[in-house]
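Spelled out, the chains give:
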Amino acid sequence: MKSSDFRDGTLMARAFRAGVESKRKLKMPLRQRLWRPVRDLASLTSRAERVGEQMGPLTEVPALVRIENEHWIFERIEASTLHEMTHRLVLQTSDGEETLGVTEDLSTALEVARCMAENDQSVVLIQAL
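Quantities reported herein were computed from a predicted structural model and do not represent experimental measurements.

Basis of the calculations
- Residues numbered from 1 in each chain as written.
- Predicted model: local features only at pLDDT ≥ 70, side-chain atom pairs only at ≥ 80, totals over all residues.
- Heavy atoms only, no water.
- Helix = DSSP H or I, 4+ residues; strand = E, 2+ residues; numbered from the N terminus.
- Buried < 20%, exposed > 50% of the residue type's maximum accessible area, 1.4 Å probe, protein only.
- Areas by Shrake-Rupley, 256 points an atom, 1.4 Å probe, with all protein chains shown as cover.
- Contact = heavy atoms within 4.5 Å.

### Some remarks on the overall build of the chain
Across its full length, the chain carries six helices and five strands. Scanning the chain from its N terminus toward the C terminus, one meets helices and strands in the order α-α-α-α-β-β-α-β-β-α-β. The proportion of buried residues among the 129 residues of the chain is 10%. If you sum the accessible surface of the chain, you get close to 12,000 Å²; carbon and sulfur atoms cover 55% of it.

### Overview of the environment of alanine 113
Along the polypeptide, alanine 113 turns up in helix H6 (residues 106–120). For the pair formed by alanine 113 and valine 90, sequence separation is 23 residues and the distance between their alpha carbons is 9.5 Å. If sequence neighbours within four positions are ignored, alanine 113 has contacts with Val124 and Ile126.

Quick look at the structure:
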């Protein structure tokens, strides 16, 4: 055997084509694994339910979105910002009411409602908070 035989893979290719002799094959029993997702994930599910109960009821918080240089910027809303909001914009859809957002004053709410009526031909309800 030359070292060049190992580099070009001819001996290895011959070994794969010939296979392994029967007396040299390993015999291992096949072990089947039974996966029971309900049992395996029960602790995770119960922990998620406990944390959800501790957090209290969910409240819908509309996203604060602004547009800068033709890009949508999503921001987190602080509690103090929510207290300053005065009007909620609600759109009636086939699935029910959908909150579009909240505004700081009535003039901004009216401007958004006017633009929605002109551009989308949709009626926006303005609710005082």
